[in-house]
Amino acid sequence: LFIDQPLATGDQLKLEKAPSNYLVNVLRLNEGDEVILFNGQDGAFRATLVNGSKKAAQLEVAEQTSAQTPPSQIDYIFAPIKTARLDFMVQKATEMGVNALRPVQTQHTQMSRINYDRMRANAVEAAEQCEILNVPTVHEAQTLEKLIANWAETDPERKLIFADEETDVTDAAKALKPLGQSKVAVLIGPEGGFSEAERELLRAQSFCVPISLGPRILRADTAAIVALTLVQSNIGD
Ligand code: SAM
């Protein structure tokens, strides 16, 4: 269970509302039962339910069961897509261990689809289900232009790998090889793809690396998995 507070052996945690309801009503834990807690910073801990009701629960934190694993260095940057597929994309990117989720506004994006609480909840749920200890940070959306303009100040050595079905770089592995173990971000466009102006802007940047994900056009949420797999298999992390 993800707990958004510090965790240490011997802590007495008082949970209310959703977390206590989840323990008592969803997991149907009884007093004395155990649960594994993590907060994305301190690793995972065994904890015992001291007492609980729908409204409140008290847990005693026991020993640490696993140390915090280092997060991947990959930031996943994406143009928001339709809600159900965005939920899926956020969950898969989280399962693949990305360090951050960065929504970006492009010409063919509907920003009304952005719901930060929903994205955070999907990331936490994916981390709980896959028992991974890192929950990616969900960043505020910014325009693609702003992201590119700020890149040099914020991430000078990070490479931005953008999947573009119109790139003539057909061998993604060859394009990725020279990056070695660089810090990278992966960018996937919206259902309608990048505009020509966005493609030119991206291709004009020295830190941008266009890659193809093959001859077929993939849905954005499929492209997310394929691109992250390609990058992780070629760059590690
Ligand atoms: N522009 C396409 C069109 O209008 O048919 C669709 C874009 S696709 C649904 C969404 C995103 O997935 C693209 O912007 C790109 O980032 C990525 N993508 C999909 N298929 C790809 C491929 N074969 N190679 C590289 N990127 C791809």
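Residues numbered from 1 in each chain as written. Predicted model: local features only at pLDDT ≥ 70, side-chain atom pairs only at ≥ 80, totals over all residues. Heavy atoms only, no water.

Note the threshold: UniProt positions are given in the numbering used here, feature names are shortened, and annotations may be inferred rather than shown by experiment.
The name recorded for the protein chain in an unreviewed UniProt entry is Ribosomal RNA small subunit methyltransferase E, from Maritalea myrionectae. The annotation that UniProt attaches to the protein chain under Catalytic activity (unreviewed entry) is "uridine(1498) in 16S rRNA + S-adenosyl-L-methionine = N(3)-methyluridine(1498) in 16S rRNA + S-adenosyl-L-homocysteine + H(+)". Of the protein chain, the UniProt comment under Sequence similarities (unreviewed entry) reads exactly: "Belongs to the RNA methyltransferase RsmE family."

**Here's the deal with the environment of Leu-37**
This is how the line gets drawn: Each helix is a run of DSSP H or I of at least 4 residues and each strand a run of E of at least 2, with the numbering of both proceeding from the N terminus.
Relative to the helices and strands, Leu-37 resides in strand β2 (residues 34–38). Here the alpha-carbon distance between Leu-37 and Thr-65, two residues 28 residues apart in the chain, equals 9.4 Å.

**Quick notes on the nonpolar core**
Threshold: We define the nonpolar core as a collection of buried residues of types Ala, Val, Leu, Ile, Met, Phe, Trp, Tyr and Cys that are connected through side-chain atoms lying within 4.5 Å of one another. In this scheme, a residue with accessible area under 20% of its type's maximum is buried, one over 50% is exposed, and one in between is partly exposed, where area comes from a 1.4 Å probe on protein chains only. Two residues form a contact once any of their heavy atoms are found within 4.5 Å.
Core analysis: the biggest nonpolar cluster contains 34 residues, and Tyr-76, Met-89, Leu-101, Ile-161 and Ile-188 have the highest contact counts within it. Every element with two or more residues in this core is listed here: β5 (75–78), α2 (83–95), α3 (116–129), β9 (159–163), α5 (172–176), β10 (184–188), β11 (208–211) and α7 (220–235). By residue number, the principal contributor to this core is α7, which donates 7 residues. When residues no more than four places from it in sequence are discounted, the contact partners of Ile-161 are Leu-176, Leu-179, Val-184, Ala-185, Val-186, Leu-187, Val-209, Ile-211, Val-231 and Ile-235. Core analysis: the second largest hydrophobic core is formed by 16 residues, Leu-15, Leu-49, Ala-57 and Leu-59 among them.

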